[in-house]
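For reference, the chains in residue letters:
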Amino acid sequence: MGTHTELIHLSELQYGDIFYANVIIDPKDNVVEDSTSHTARCIRTWQPIRRRCIVLKTGSTRVHVTYLATFRFETKLPPDLDKDMWYPFQPAEQEGSYVPLEPHENGVIQWASLRTEQIVTQTPVERRPWRLPAASVDAIRRAMWTVQ
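Structure report, in brief. (Residues numbered from 1 in each chain as written. Predicted model: local features only at pLDDT ≥ 70, side-chain atom pairs only at ≥ 80, totals over all residues. Heavy atoms only, no water.)

## Points about the state of the cysteines
- Within the structure shown, the criterion is met by zero disulfides.
- In this structure Cys53 is not part of a disulfide, and its nearest cysteine sulfur, from Cys42, lies 15 Å away.
- The class for Cys53 is buried, based on a relative accessible area of 0%. (Disulfide = S-S within 2.5 Å. Buried < 20%, exposed > 50% of the residue type's maximum accessible area, 1.4 Å probe, protein only.)

## Considerations on helix H2 (residues 134–147)
- Over its 14 residues, H2 runs 20 Å from end to end, which matches the ideal 20 Å to within 8%, given 1.5 Å per residue.
- Residues of H2 that are buried include every one of Ser136, Val137, Ala139, Ile140, Ala143 and Met144, and no others. Looking down the long axis of H2, one finds its buried residues gathered within 155 degrees of arc, a one-sided arrangement. Opposite the buried face of H2, by more than 90 degrees, sit the exposed residues Ala135, Trp145 and Thr146.
- Tucked inside the fold, the buried residues of H2 contact strand E3 (49–57), strand E4 (63–69), strand E5 (86–89) and strand E6 (110–113). (Helix = DSSP H or I, 4+ residues; strand = E, 2+ residues; numbered from the N terminus. Expected span 1.5 Å × (residues − 1). Arc of directions from axis to C-beta. Contact = heavy atoms within 4.5 Å.)

## Focus on the pattern of salt bridges
- According to the stated counting rule, one finds seven salt bridges in the structure shown.
- Notably, a salt bridge pairs Lys28 with Asp26, separated by 3.7 Å at the nearest N-O pair.
- What makes Lys28 exposed here is its relative accessible area of 56%.
- A salt bridge links Glu93 to Lys76, with the nearest nitrogen and oxygen atoms 3.6 Å apart. On the criterion of sequence distance, the pair formed by Glu93 in the loop between E5 and E6 and Lys76 in the loop between E4 and E5 is long-range, its members being 17 residues apart.
- Taken together, the shared-partner salt bridges in this structure form one network comprising Glu6, Asp17, Arg127 and Arg131. (Salt bridge = Lys/Arg side-chain N within 4 Å of Asp/Glu carboxyl O.)

Everything listed is a geometric property; what it means functionally is a separate question.
What follows is the structure, given as structure tokens:
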């Protein structure tokens, strides 16, 4: 697979697939609270925002996901964020309790949100050409259960 997206039916997603979906980002995870950007306004008002997501549980009409954030591709989380609510992927640095997971194929510095498992029902979806190993997804799910 290349770096393109593939439009598929929701039921075709597999455990660990990365795809785009509209999710709600908790205002506690807003990096710049006084920003006037469209994204910041959506976060403050609990409006959906398109993000890369990881499939945590598959289904024929809905999937359970968490979203990924890059925080401007910095290797450390912004200082005001709760470090126990984010699971890093290498090359991001370990700051909280979680040892960074192996990078996935695109090698982008990013973190998986541990705050909320969300449900996506929209179909079709744009699947990215990467799938996380089951062990990485399992680690994210265990961490989510621990913090919630």
